[in-house]
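Topology and contacts: notes
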Amino acid sequence: MTTYRCSSCGNRTRFDVESTTRSKAFHHYSLGGEVRVEDETVLERRVASVTCRWCGSGASVEAIEQVADETSPR
Ligand SMILES: [Zn+2]
């Protein structure tokens, strides 16, 4: 899990994050054509850009890796 911090204005809570996600999910269709998405797993997530919502700066935003409980393959 990643959080962000803007070093130019100190914002830690409001960002525009542009990302691409590749995921796998079980689509459960009813005979009426409605779908229920279950067991969605994110396989890959690439963050293209992060922009501070307060000052509009993109270059000053730092990514902060949070220590997760689950083991990440890295
Ligand atoms: Zn900022």
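What you see is a predicted model; the values in this text were computed from it and never measured. In this numbering scheme, every chain counts its residues from 1 along its sequence in written order. Local features in a predicted model are, by the rule used here, given only for residues with pLDDT of at least 70; side-chain atom pairs are given and counted only at 80 or more, and totals for whole chains, interfaces and linings are based on all residues. Side-chain numbers here rest on the full set of heavy atoms in the structure, without hydrogens or water.

As a further point, take the coordination of the zinc ion. For Na, K and Ca the donor cutoff is 3.2 Å, while for all other metals N, O and S atoms must lie within 2.8 Å; water is not among the atoms, so some sites may look incomplete. Here the zinc ion is held by the protein donor atoms Cys6 (SG), Cys9 (SG), Cys52 (SG) and Cys55 (SG), which lie 2.3 to 2.4 Å from it. Four donors are marked tetrahedral only if all angles between them lie between 85 and 135 degrees, whereas four are marked square planar and six octahedral if opposite donors are more than 155 degrees apart and the other angles lie between 65 and 115; the remainder are marked irregular. Of note is the zinc ion, whose four donor atoms meet at the metal with angles of 103 to 117° in an arrangement that counts as tetrahedral. Mapping the donors of the zinc ion onto the primary sequence yields the spacing C-x2-C-x42-C-x2-C. Remark: Cys55 occurs in the loop between β3 (35-52) and β4 (61-65) and Cys6 occurs in strand β1 (residues 2-6); sequence separation between them is 49 residues. Take Cys55: its relative accessible area is 39%, and that puts it in the partly exposed class. Helix numbering and strand numbering both begin at the N terminus, where a helix is a DSSP run of H or I of at least 4 residues and a strand a DSSP run of E of at least 2. The buried label applies to any residue whose accessible area, calculated with a 1.4 Å probe on protein chains only, is under 20% of its type's maximum; exposed applies above 50%, and partly exposed to all values in between.

A contiguous nonpolar surface patch, about 300 Å² in accessible area, is contributed by Tyr29, Val35 and Val37. Its location among the elements puts Val35 in strand β3. Here Val35 falls in the partly exposed class, since its relative accessible area comes to 43%. Patch definition: residues with relative accessible area over 30% and no salt bridge; like charges joined within 9 Å; nonpolar side chains (Val, Leu, Ile, Met, Phe, Trp, Tyr) joined within 5 Å. All accessible-area figures derive from a Shrake-Rupley calculation using a 1.4 Å probe, and residue coverage is judged against the displayed protein chains alone. Salt bridges are counted wherever a side-chain nitrogen of Lys or Arg sits within 4 Å of a carboxyl oxygen of Asp or Glu.

With a phi angle near 50°, Asp39 is a residue other than glycine that sits in the positive phi range. Along the polypeptide, Asp39 turns up in strand β3.

Here the focus is the side chain of Ser57. Take Ser57: it is sitting in the loop between β3 and β4. Engagement of the side chain of Ser57 in a polar contact is seen with the side chain of Ser60, the distance being 2.7 Å. Working rule for contacts: check all heavy atoms of both residues, and any pair within 4.5 Å makes them a contact. With near-sequence residues (within four places) excluded, Ser57 lies in contact with Ser8, Val50, Thr51 and Cys52. Under this definition, polar contacts are N or O atom pairs within 3.5 Å; protein pairs additionally need one hydrogen-donor-capable and one acceptor-capable atom, and for neighbouring residues in sequence, both atoms have to be side-chain atoms.

In this description, a nonpolar core means a group of buried Ala, Val, Leu, Ile, Met, Phe, Trp, Tyr and Cys residues linked to one another through side-chain atoms lying within 4.5 Å. One finds Tyr4, Cys6, Phe15, Val50, Cys52 and Val61 forming the largest nonpolar core, which totals six residues. Secondary-structure elements contributing two or more residues to this core are β1 and β3. Apart from residues lying up to four places away in sequence, Val61 is in contact with Tyr4, Arg5, Cys6, Phe15, Val50, Thr51 and Cys52.

On to the pairing of β3, then. Note: two strands are recorded as paired if DSSP finds a minimum of 2 bridges between them. Where strand β2 (residues 15-29) lies against β3, 14 bridges are found, and the strand directions are antiparallel. Bridged to Ser19 within β3 is Val47. Hairpin connection between β2 and β3: a loop of five residues separates the two successive antiparallel strands, and Gly33 in this loop has a positive phi of roughly 95°.

Below, the discussion takes up the environment of Glu18. For Glu18, the position within the fold is in strand β2. Counting along the chain gives 13 residues from Glu18 to Arg5, while the straight-line C-alpha distance between them is 16 Å. For Glu18, the residues in contact, after removing those within four places along its chain, are Arg46, Val47, Ala48 and Ser49.

So yeah, pure geometry; function would need other evidence.
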